[in-house]
Protein chains: 2
Amino acid sequence: MTGFETHDHGDCIARGLAQAERYCAAQGLRLTPARRRVLEILLEEHRAMGAYEILDRLRAEGRGAQPPVAYRALEFLTTHGFAHRIERLNAFVACTHAQDRHAPAFLICRACDRVTEAEVAPTAGELGRAAEAAGFTIERTVREAVGLCPACAGAGPA
Amino acid sequence: MTGFETHDHGDCIARGLAQAERYCAAQGLRLTPARRRVLEILLEEHRAMGAYEILDRLRAEGRGAQPPVAYRALEFLTTHGFAHRIERLNAFVACTHAQDRHAPAFLICRACDRVTEAEVAPTAGELGRAAEAAGFTIERTVREAVGLCPACAGAGPA
DNA sequence: GTTGCAATGATATAGTGTTTCATTTATGTG
DNA sequence: CACATAAATGAAACACTATATCATTGCAAC
């Protein structure tokens, strides 16, 4: 899938949550209410959200919600691959791919802020070649492209 | 060069500055004292520095130095390719390559925080392929690998 | 049941980046 | 040179992002 097409994601929230639940059960991880709710919010919005934006949602629901609440949940979710951090945006998105550690790559539209995710081998590509040449051990990669999605490019490049 | 070897950079400060001066003269850009000094600091340190760290240096030299001073200089330097922003670190490094817009890739050692830079075509690799598949127009890319440099990996992986 | 560990609650604080507006400095033009 | 314009700087306040710390609660194993 290309990721930017109009998208009816009726059941992908339920599917994402179910997948996370299954994975946590299998791994002995605790998908606590706070963690589950944050993942659900990310799945519902289906876009990159800042930690404080998530926090606002939690507050609106009456939960006590100091910053660490969001950051702890997000750390759990990103550590286990249920969500990813977009460095360029200081924001987070629900993962749209299979569980377990993988190396995501993102296309970020600077006009509409939508983000689409692709997967790739962590040690592949230019980073992998550069690392090999330098004797560098890759543990995590950040691959993000900023530009215009098809819709925004068509609408007239700002 | 691999980038992590011990490094005697005696004249690379002077060379970096001279290169920037030449390029600015040719392009009608103004390498003002503040901009020049920030570039010089980055070249001297030869590592990724936070904006406020740079600011401290400017203050120590008696310049008035509110945050915008550093951020404006850094915006100029990054826009014209004299320095790059490391998203993962919220920090900046002097460019170690040729002028003019290019797409850098970075290897970031999480133990010693040293950063090495490689160049690559902006639309190459996984990001380029993903973008093509999605009809996405890339304007800028972020490619960063976090891991251990040879020295730190050898010293015992924390 | 109590020991040990993970998770949460709550407060404060640290770190990063931007907005705004007034002022100065450089550049070009009559 | 005088003036108009645009770029850069100075200065204050503010907004956004993230972490440290410590007390408390819940849960699980022994």
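Chain A is annotated in an unreviewed UniProt entry as Transcriptional repressor from Rhodosalinus sediminis. The Sequence similarities (unreviewed entry) field of the UniProt record for chain A holds the comment "Belongs to the Fur family."

A. Broad picture of the domain arrangement of chain A. Residues and elements named next belong to chain A. Looking at the assigned domains, one finds that chain A contains domain 1 (9-96) and domain 2 (102-158). For domain 1 versus domain 2, the distance between C-alpha centres works out to 21 Å. Taken together, the contacts link 12 residues of domain 1 with 11 residues of domain 2. Between domain 1 and domain 2 lies a buried interface of about 900 Å² when both sides are counted; carbon and sulfur atoms form 62% of it.

B. Structural detail: the protein's contact with DNA strand D. Lining the immediate environment of DNA strand D, one finds 13 residues, of which A:Y52, A:Y71, A:R85, B:T32 and B:R72 sit closest. Protein-adjacent atoms of DNA strand D, using a 4 Å cutoff, are sugar or phosphate at a proportion of 47%. Between DNA strand D and A:Y71, the relevant distance is 3.0 Å, taken from a phosphate oxygen to a side-chain nitrogen or oxygen of the residue. A:R85 has a polar side-chain atom sitting 2.3 Å from a phosphate oxygen of DNA strand D.

C. Broad picture of the interface of chain B and chain A. Listed by partner, the interface residues are 38 residues for chain B and 38 residues for chain A. The interface formed by chain B and chain A contains six salt bridges. At the junction of chain B and chain A, the tally comes to 16 residue pairs in polar contact (both at pLDDT 80 or more). Contributions of two or more residues to the side of chain B that touches chain A are made by β3 (103-109), β4 (115-120), α5 (125-134), β5 (137-148) and α6 (150-154) of chain B. Examining the composition of the side of chain B that touches chain A, we find that 12 residues originate from one element, β5(B), more than from any other. The residue inventory of the side of chain B that touches chain A, partitioned by class, reads 23 nonpolar, seven polar and eight charged. Bridge analysis of strand β5 (residues 137-148) of chain A against β5(B) gives 11 bridges, and the strand direction is antiparallel. Within β5(B), the residue paired with A:T137 across the bridge is B:L148.

Thresholds applied
Going along each chain's sequence as written, the residues are numbered from 1 onward. Here chains are named by letter from A upward and ligands by number from 1 upward, in the order in which they appear as written. Predicted model: local features are reported for residues with pLDDT of at least 70 only, side-chain atom pairs are reported and counted for 80 or more only, and whole-chain, interface and lining totals are derived from all residues. Think of the side-chain values as coming from all heavy atoms in the structure, minus any hydrogens and water. UniProt positions are given in the numbering used here, feature names are shortened, and annotations may be inferred rather than shown by experiment. These domain limits were set by an automatic method or by a database of domain assignments. Contacts are residue-level and defined by heavy atoms, with any inter-residue pair within 4.5 Å sufficient. Note: buried area is the sum, over both parts, of the accessible area (probe 1.4 Å) each one loses when the two are combined. By convention in these notes, a residue is near a molecule or strand provided one of its non-hydrogen atoms lies within 4 Å of it. Any N or O atom pair separated by 3.5 Å or less is treated as a polar contact, with the protein-specific requirement of one donor-capable and one acceptor-capable atom, and with residues adjacent in sequence counted only for side-chain atom pairs. We count a salt bridge whenever a side-chain nitrogen from Lys or Arg sits within 4 Å of a carboxyl oxygen from Asp or Glu. Labels follow the DSSP assignment, with helices taken as runs of H or I lasting at least four residues and strands as runs of E lasting at least two, numbered in each case from the N terminus. When residues are grouped by polarity, Ala, Val, Leu, Ile, Met, Phe, Trp, Tyr, Cys and Pro land in nonpolar, Asp, Glu, Lys and Arg in charged, and all others, Gly among them, in polar. Following DSSP output, two strands are said to pair if at least two bridges run between them.

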